[in-house]
Amino acid sequence: MARTLTFEIFRYNPAIPEQKPQMQCFTLAETANMTLFIALNRLREEQDPSLVFDFCCRAGICGSCGMVVNGRPRLACQTKTADLPERIILLPLPVFKLVGDLSVDTGVWFRDMYQKTRSWIHTKKAFDSDQEEERMDNAVAEQIYELERCVECGCCIAACGTARMRDDFLGAASLNRIARFALDPRDERTDQDYFEIIGNDYGIFGCMGLLACEDVCPKHLPLQNQLGFLRRKMGITALKQLFRKSSCAS
Amino acid sequence: MSIHATMHIVSPSRRDAYFDWLQMLTGLGLVIFMALHTALNLSIIFGAKSLDIVAGALEVLHLDTLAHVFVPILFLVHFVLAARKIPFRVDGQLAIWRDARLLNHRDTWLWIVQTISGMVILILGAIHMWTTITAGAVQAASSVARVQSSGWTMFYLLLIPLVQGHVFIGLYRIGVKWGVITDKMRPKVVKILVITFAGVLILALLALARYATLTI
Amino acid sequence: MYTHNTDLLVIGAGLSGERIAVEAAQAGFSVICLSIVPARRSHSSAAQGGMQAALGNCALGENDHPDVHFADTVKGSDWGCDQEVARMFANTAPIEMRRLAHWGVPWNRVVAGTSFYFKGGEKFEKTEAKEKAGLITARSFGGTAKWRTCYTSDGTGHAVMCTMDNKCAELGIAVLDRKEAIALIHDGQKCMGAVVRCLRTGRLETYLATATAICSGGFGRLYAATTNAIICDGGAAAMALDTGLVPIGNPEAIQFHPTGIVPTEILVTEGCRGDGGTLLDVHEERFMHIYEPQKAELASRDVVARRMLEHIRAGHGVPSAYGEHLWLDIRHLGDEHISTKLREVDEICQNFLGVDPRTQLIPVRPTQHYTMAGIRTNKTGAAYGLKGLFSAGEAACWDMHGFNRLGGNSLAETVVAGGIIGRYVVDYLKNTDLCFSSALVKAELARQQERIDDLMASRLGKENVYAVRKDMQEALTEGCFVFRNAQGLQRCVHILEEVLDRAGKIGLASNGLGANHELGAALKIQGQVRLALCVATAALARTESRGSHNREDYPDRNDAQWLNRTLAYWPQDNRAPKLEYEEATPYFEIPPGDRGYGGGSIIPADAEKIAAKTMQNQE
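Computed from a predicted model, the values in this text were never measured in an experiment.

Help me understand the overall build of chain C in this model?
When helices and strands are tallied, chain C shows 17 helices and 24 strands. For chain C, whose C-alpha radius of gyration is 23 Å, the value lies close to the compact-globule estimate of 25 Å for 619 residues. Counting across all 619 residues of chain C, residues that qualify as buried make up 67%. Considering only contacts in chain C between residues 6 or more positions apart, those separated by 24 or more positions represent 73%. Put simply, chain C shows about 20,000 Å² of open surface, and 49% of that area lies on carbon and sulfur atoms.

Following this line, the structure appears as structure tokens:
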């Protein structure tokens, strides 16, 4: 206990382009049950009010505070300093556009993703307020919720080798979104419809299986299994088309 | 923010899907071939005679000719397909390198090992295939003589670990990518693969040592 | 100058804001939603428990009806709510839940067969009917007659927020994040939009709109200990108050949650107690049944919060480095239950405390949790004082909660009120044309730019914004918490008046350029302190105890004098709020009575007056 923590923090304010990006050191006395939320706010309020970082719920629910902590993308609010060494290096998430210091623009990236994946229930049925709701098996509802737990923190995208190399790669969060709708009986889209979105190298076939997404996801979403499931599903969809075509031709 | 009016991000071509299947299937084909190839070579451990018996049996079944025709094709197709994923521009290479260093994440490092070993295998493997295919029927005497001639021991000392590593990493990668290995199985499978890899590598190097030291 | 034009401007893209946006967009109007954070990070997503709606599908919700829900809501409000609004809410809630199911919310569903549940630490059996299997189920939640709370595991707010935001994406609604409204544009009659600071670049933008809806959530961050997200800072409510025309309804009506973890004050859901979790004291013994023999841990939240503090004051608290607390015990619920139904609680304990709730006790104490207070609107969601300004959700005092909100009613309110008010907004848009004076817009923009320039150049003083904010939070926490008395409140008001002076003399320590946080905090601090003064002043004025407003010196609910709603205005250039009062409800469907818990006696209102206002039902 009573360690003195050294924070090395990435600093860059795009509003002052003539200043070059740099690492800045801060020191702070550790207190009991300290998380990076407590530490960073103390640094801003007591040492440098120009420090930029994002927190919102500070309870690991909203996904605002994704940052690279000693090499790993993770949620700062649920990172206890007690679990870290005395020297703590903080970097913004790569891939996303930098807002300033540790803050990156996940908002625009994800809104764009909703359009790419058509992230909503596609149904021709209209809502009828007099009708009883359509029934659903509770187990199915729970499976959907399991995938819906994504908080869009961007850690899986920032950790993804493919996303680092090509910025048009959809990434685990987007593919998981497709898996969520593919599972939902209310969504009338067919495998062929999903194939048109993710059946290519920007989508599921671009995934190289590096599994950093699985290993860094702060919500422990079953990304590895979902990516495998989608690859099989989409692979089979393509084969089916192939055979359908050839049987038509013959 | 403007809303994109495009209906789909790309045209619904199935090309990438077929490529992905082919990459996996050629990889799997090469894994099976390598398993047989390694088994054949291990017979040298029991002496020149045992190798000649196994090789003879293969010849009777014309498996050697089959391999001589199909393995180079698999080899090349697999390379071309897998290479699609390797960044050929420097900034891409730097990005993945930095990513691996920053993350220090096992599976990301393994992928880098995979691409580098793939490149080296492309060259060394091609040389190996050319010499063995042009040499005609496999016989202990000629193989031993070749390994013992200048530089060839070193050549195989480099090639064998790279190929075995590439095979095992590749097998693991196919497993996780296609969901055969689930998240729950992953730690156990990794353990099994590492142990098997170590065992196979030791045996393969033992076989190489026999080639290098056998007198006929 | 960045100027945007739209039919509807929504400030705050949480559940209620996006629900209104959806209604307007479906009617063909253009909508822009502004949010400080990406929409799905809104505080709505933090609500774990669920949404109350009288669907009556599950076994223990059988024969539930909006009438029963309405009665629970009115009783819960301690008769402080607007009964017309509460009725609209209770009747619409079931339809809205089914609509959400249609839009994609993965509600938990009824599973036929026999299962067990815990109540007050005891195990009971229930049997779900076969013919109900697959319909939206519900669970028990603080202080209701029936199991009525629809849920998706323990992430209801998150799941509904995802669906609502997906709906917005489907409809092509422009949801812009990192945009903070700092001032309303109005001419004293009509609201025409807002001046907005872009939190990416720091630049000011103007958004002009026929209708503006403030759906910015509560203002818990006026307190030092709160379960609220850090964006729930009252900036938008203060912006409305700042017009001098729009009042805050019942500012003293603030709810405290019994179970915030110590020290980070993260909420652990009431679902823990609903599912059978118990509260223990320093001797690891249950105590709630001593105070509330009937409901024990399941009593309504202000009662539980109040009893917990009472028990701590009686010397039974657990000492710790962060002050005294109590224990929450869910060990007996078992691994499977904790890993599935209470997974988020489990994660909170592991991630923020390093505690395993299967084997260890969770340190908890009451914290600020919910503001029934808010921008006063009529039943259509239209704010008092300015045409074209609407408000919904926790930001508003619509007023279905009165002086105490039931667990699960607030999350339900976001979508139910959003839907109802959305339809009124559509009516307004159909019948109104936007006309605005560009001079007015420019003047407001210039005024805001000047404020920024003053702060950046420290022209008005050198006060540190974080120090001022801390003093405000501590004053309110000290003097205006769960229990209040005249002495404490007077001191609180006095301190806040001084803090207000200092809030006018802020100067930035940093350069304030770009996405600067200090500037954002400095721009709203004065408004926040004014809001805090409204809370304390109204609490001091209300000499009774009602719902969450507990006066130690006035323990009785005084219907003779205080069956009304506070309206706190802040006239331009005033140093203190101006309090007015209005009738709590246009009529009584249920005349004032005892809500059956919480203690304290009732000083009845004039029986004739009540009778005259009471509906003659079943004509």
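So, next bit.
Got a minute to help me understand empty space enclosed by the protein in this structure?
Gaps left between atoms show up when a probe the size of a water molecule is rolled over them. Residue and element names in this part refer to chain A. With the rule as written, the count across this model stands at nine cavities of 30 Å³ or more. Reported here for the second largest cavity is a volume of approximately 130 Å³. Lining the second largest cavity we find 16 residues, and of these Cys160, Phe169, Cys207, Cys213 and Leu227 sit closest to its centre. Elements with a contribution of two residues or more to the lining of the second largest cavity: helix H5 (161–165), helix H6 (171–183) and helix H8 (212–216). Tallying contributions element by element places H6 first for the lining of the second largest cavity, with three residues. Within the lining of the second largest cavity, the residues separate by chemical class into twelve nonpolar, four polar and no charged.

I tried to follow helix H8 (residues 186–213) of chain B on my own but got confused; where do I start?
Side chains three or four residues apart in an α-helix point the same way, a direct result of the helix having 3.6 residues per turn. For H8 of chain B, spanning 28 residues, the distance from its first C-alpha to its last is 40 Å, which sits close to the expected 40 Å at 1.5 Å a residue. Those residues of H8 of chain B that fall on the buried side of the exposure criterion are Arg186, Val189, Val190, Leu193, Leu201, Ala204, Ala207, Leu208 and Tyr211 of chain B.

Got a minute to help me understand the domain arrangement of chain A in this structure?
Interfaces are frequently sized by the accessible area removed from exposure as the parts join. Residue and element names in this part refer to chain A. Its domain assignment divides chain A into domain 1 (4–103) and domain 2 (117–249). Inter-centroid distance (C-alpha atoms) of domain 1 to domain 2 is 32 Å. Across the boundary between the two partners, domain 1 contributes 14 residues, which contact 14 residues of domain 2. Our enumeration of links across domain 1 and domain 2 arrives at zero salt bridges.

Looking at this structure, I do not really get the sheet that holds strand E22 (residues 564–569) of chain C. What am I missing?
Residues and elements named next belong to chain C. With respect to topology, five strands assemble into an open sheet ordered E18-E16-E11-E22-E23, the strand pairing being mixed. The open sheet has two edge strands with one neighbour each: strand E18 (396–397) and strand E23 (578–583). Note: E22 against E23, six bridges, orientation antiparallel. Residue pairing in the sheet places Asn564 in a bridge with Glu583 of E23. Of the strands in this sheet, strand E11 (248–249), E22 and E23 touch helix H15 (residues 517–541), which is tilted by about 60° from E23.

Would you take a moment to explain the confidence of the model for chain C for this structure?
Residues shown with low pLDDT carry predicted positions that ought not to be read at fine detail. Mean pLDDT over chain C: 93, with 98% of residues reaching 70 or higher. Overall fold confidence (pTM) sits at 0.93, and the ipTM for the predicted complex is 0.95.

Would you mind showing me how to read the interface of chain A and chain C here?
Taken together, the 68 residues of chain A in the interface contact 78 residues of chain C. Regarding the contact of chain A and chain C, the summed buried area is about 5,800 Å², with carbon and sulfur atoms giving 51% of it. Connecting chain A to chain C are 43 residue pairs in polar contact (both at pLDDT 80 or more). Partitioning the side of chain A that touches chain C into residue classes produces 30 nonpolar, 16 polar and 22 charged.

Please clarify how the interface of chain A and chain B should be interpreted in this entry.
Listed as interface residues are 48 residues of chain A and, on the opposing side, 42 residues of chain B. With both chains or domains summed, chain A and chain B bury close to 3,900 Å², and 59% of this area falls on carbon and sulfur atoms. Remark: the boundary between chain A and chain B carries three salt bridges. Where Arg84 of chain B meets Asp201 of chain A, a salt bridge forms, and the shortest distance between an N and an O atom there is 2.9 Å. Remark: the boundary between chain A and chain B carries 16 residue pairs in polar contact (both at pLDDT 80 or more). Secondary structure elements with two or more residues in the side of chain A that touches chain B: strand E4 (72–75), helix H2 (106–117), H5, helix H7 (191–198), H8 and helix H9 (223–249) of chain A. Class assignment for the residues of the side of chain A that touches chain B results in 23 nonpolar, twelve polar and 13 charged.

I keep staring at the sheet that holds strand E15 (residues 362–371) of chain C and nothing clicks. Help me out?
Two strands in a sheet stick together by hydrogen bonds in their backbones, pointing the same way (parallel) or opposite ways (antiparallel). Residues and elements named next belong to chain C. One open sheet accounts for four strands, arranged E12-E15-E14-E13; its pairing is antiparallel. Edge positions in the sheet fall to strand E12 (254–261) and strand E13 (278–280), since each of these pairs with one other strand and no more. Each strand axis lies, on average, 45° off the axis of its neighbour in the sheet, ignoring direction. With three bridges joining them, strand E14 (residues 326–329) and E15 adopt antiparallel strand pairing. Bridge assignment links Leu328 to a residue of E15, and that residue is Ile362. Here helix H10 (residues 343–353) sits on the sheet in contact with E12 and E15, set at roughly 110° to E15.

Thresholds, definitions, all that
Residues numbered from 1 in each chain as written. Chains lettered and ligands numbered in written order. Predicted model: local features only at pLDDT ≥ 70, side-chain atom pairs only at ≥ 80, totals over all residues. Heavy atoms only, no water. Helix = DSSP H or I, 4+ residues; strand = E, 2+ residues; numbered from the N terminus. Rg over C-alpha atoms; globule rule 2.2 N^0.38 Å. Buried < 20%, exposed > 50% of the residue type's maximum accessible area, 1.4 Å probe, protein only. Contact = heavy atoms within 4.5 Å. Areas by Shrake-Rupley, 256 points an atom, 1.4 Å probe, with all protein chains shown as cover. 1 Å grid on protein atoms, 1.4 Å probe; cavity = no way out; pocket = protein on both sides within 12 Å on 5 of 7 lines; lining within 4 Å. Points joined across faces, edges and corners; volume = space filled by probe spheres on them. Nonpolar A, V, L, I, M, F, W, Y, C, P; charged D, E, K, R; others polar. Expected span 1.5 Å × (residues − 1). Domains from an automatic or database assignment. Salt bridge = Lys/Arg side-chain N within 4 Å of Asp/Glu carboxyl O. Pairing = 2+ DSSP bridges. Axes fitted to C-alpha atoms, helices over the stretch in contact; angles between N-to-C directions. pLDDT = per-residue confidence, 0-100. Buried area = accessible area lost by both parts, 1.4 Å probe. Polar contact = N/O pair within 3.5 Å; in protein donor to acceptor, adjacent residues only side chain to side chain.

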